[in-house]
Amino acid sequence: MDTLPDLAAQLTATTHLPPAARYHALRELAPHLKTAIAAEQDAAVAAICDTTTYDDAATQLGVTTSEVNRRMTAHRKRIGAEPRRGRKPANPT
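Residues numbered from 1 in each chain as written. Predicted model: local features only at pLDDT ≥ 70, side-chain atom pairs only at ≥ 80, totals over all residues. Heavy atoms only, no water.

Caption draft 1: View of the overall build of the protein. Assigned secondary structure in the protein consists of four helices and zero strands. Each helix (α) and strand (β) of the protein, taken in turn from the N terminus, gives the series α-α-α-α. Across the 93 residues that make up the protein, the buried fraction comes to 20%. Counting only carbon and sulfur atoms, one obtains 56% of the accessible surface of the protein, whose full area is about 7,000 Å². (Helix = DSSP H or I, 4+ residues; strand = E, 2+ residues; numbered from the N terminus. Buried < 20%, exposed > 50% of the residue type's maximum accessible area, 1.4 Å probe, protein only. Areas by Shrake-Rupley, 256 points an atom, 1.4 Å probe, with all protein chains shown as cover.)

Caption draft 2: Structural context of the pattern of salt bridges. Using the criterion set out here, one finds four salt bridges in the structure. In this structure, the salt-bridge partner of Arg71 is Asp42, at a minimum N-O distance of 2.6 Å. Taken together, the residues span a long stretch of sequence, with Arg71 in helix H4 (residues 65-79) and Asp42 in helix H2 (residues 19-49) at a distance of 29 residues. Both residues of the pair, Arg71 and Asp42, belong to the buried class. Two residues, Arg78 and Asp42, come together in a salt bridge whose shortest N-O distance is 2.7 Å. Linking Arg78 in helix H4 with Asp42 in helix H2, this pair joins segments that are 36 residues apart in sequence. Within the structure, one salt-bridge network assembled from shared partners comprises Asp42, Glu67, Arg70, Arg71 and Arg78. (Salt bridge = Lys/Arg side-chain N within 4 Å of Asp/Glu carboxyl O.)

Caption draft 3: Structural view of the side chain of His75. Its place among the elements puts His75 in helix H4. Every residue in contact with His75, bar those within four places of it in the chain, is listed here: Asp42, Ala43 and Ala46. (Contact = heavy atoms within 4.5 Å.)

Okay, here's the thing in structure tokens:
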């Protein structure tokens, strides 16, 4: 995955392109930016949850507890962490 600074450099580079090329470059870059921003948001939520409960994190962030849980799930999946204790495995064998 691209880092935000790498993507920012690529985004800045598009300002020097002709309009049609800029459009195509930005169209290709958009999903990568979206993914990188989501990953950073998920990591920020995870950092907050390291020191507080999901309810307190939700209050700090101004979102629902469900949003915090969703972001924690996405973060764990992205980094390859084990599911939370008490959860059944996704694919029991």
